[in-house]
Amino acid sequence: LEIQYTAHNGTDWSAGTKELWEFNAAKLQTLHEKHTLSNSNWTITLREIKGYDAANNNDLIENYALQSNVWKGTKKEQYVFNSAKKKTSSIVYTWFNGAWANSTKETWEFNGPSAKQTLHEKYSWSNNAWLITLQENLGYDAAGNNTSIENYSYTNGVQKGTKKEE
């Protein structure tokens, strides 16, 4: 718990905000709240909730703000990790009509034992479907050195090369 004092009246400090953090048994942060003092009452104004998978990877972040006495989501992120603890996908949600709605998505692919990234794609949500917007392909030699990069952008599903390095 942390209390921040915002003003001094000559004799005393006035508390302005306080923050609260909670942690799980693995000592990973699961909750962060900001409270403001108004008319001698503390009110929670911001809340961040975090979740973790079985390997303790941070796979969920949800942010909420109190607006006109109603909690509204501001941003939600969900992640998936592979067994090597590499992030393989992320989805970002926005608050729409009182619920979380898909916004953007990213995926990553990795090659076998060296776990080098070989593919990165970005998507946006449109008309109830994920539309690819960007793709990056990476190539490697037998020693694991990056030997090529190809970038593509997409407009209405049409691929356009934007960069190639060898």
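For the structure, check the block above.
Everything in this summary refers to the structure shown in the same document. No experiment lies behind these values; they were computed from the predicted model shown. (Residues numbered from 1 in each chain as written. Predicted model: local features only at pLDDT ≥ 70, side-chain atom pairs only at ≥ 80, totals over all residues. Heavy atoms only, no water.)

Considering the overall build of the protein
For step 1, the next point in the chain: A count of helical and extended segments in the protein gives zero helices and 12 strands.
For step 2, the next point in the chain: When the helices and strands of the protein are placed in sequence order, the string is β-β-β-β-β-β-β-β-β-β-β-β.
For step 3, the next point in the chain: Summarising the internal contacts of the protein: among those between residues at least 6 apart in sequence, 12% fall at separations of at least 24.
For step 4, the next point in the chain: As presented, the protein carries roughly 10700 Å² of accessible surface, and 48% of it is formed by carbon and sulfur atoms. (Helix = DSSP H or I, 4+ residues; strand = E, 2+ residues; numbered from the N terminus. Contact = heavy atoms within 4.5 Å. Areas by Shrake-Rupley, 256 points an atom, 1.4 Å probe, with all protein chains shown as cover.)

Here's the deal with the pairing of strand β6 (residues 70-81)
For step 1, the next point in the chain: Taken together, the eight bridges between strand β5 (residues 58-67) and β6 define a ladder with antiparallel strand orientation. Of the residues in β6, the one forming a bridge with A65 is K72.
For step 2, the next point in the chain: Taking the residues that link successive antiparallel strands as the turn, the β5-β6 hairpin has two residues, and the phi of S68 there is positive, at about 55°.
For step 3, the next point in the chain: Pairing of β6 with strand β7 (residues 87-96), which is carried by six bridges, proceeds in the antiparallel orientation. Bridge pairing in β7 links Y79 to S90.
For step 4, the next point in the chain: The loop that links β6 with its antiparallel partner β7 comprises five residues; one of these, K85, has a positive phi angle of about 65°. (Pairing = 2+ DSSP bridges.)

A few points about unusual backbone geometry
For step 1, the next point in the chain: Here the phi dihedral of N56 falls at roughly 65°; this positive angle occurs in a residue that is not glycine.
For step 2, the next point in the chain: Looking at the secondary structure, you find N56 in the loop between β4 (41-52) and β5.
For step 3, the next point in the chain: A relative accessible area of 40% places N56 in the partly exposed class.
For step 4, the next point in the chain: In this model, N128 sits at a positive phi of 60°, which is unusual for a non-glycine residue. (Buried < 20%, exposed > 50% of the residue type's maximum accessible area, 1.4 Å probe, protein only.)

Re the environment of W108
For step 1, the next point in the chain: By the secondary structure assignment, W108 is in strand β8 (residues 99-110).
For step 2, the next point in the chain: Since its relative accessible area comes to 15%, W108 is described here as buried.
For step 3, the next point in the chain: For the pair W108 and S89, spaced 19 residues apart in the sequence, the C-alpha separation amounts to 6.2 Å.
For step 4, the next point in the chain: If we skip the residues at most four places from it in the chain, W108 touches K87, T88, S89, S90, Q117, L119 and H120.
For step 5, the next point in the chain: A polar atom in the side chain of W108 sits 3.4 Å from the side chain of H120. (Polar contact = N/O pair within 3.5 Å; in protein donor to acceptor, adjacent residues only side chain to side chain.)

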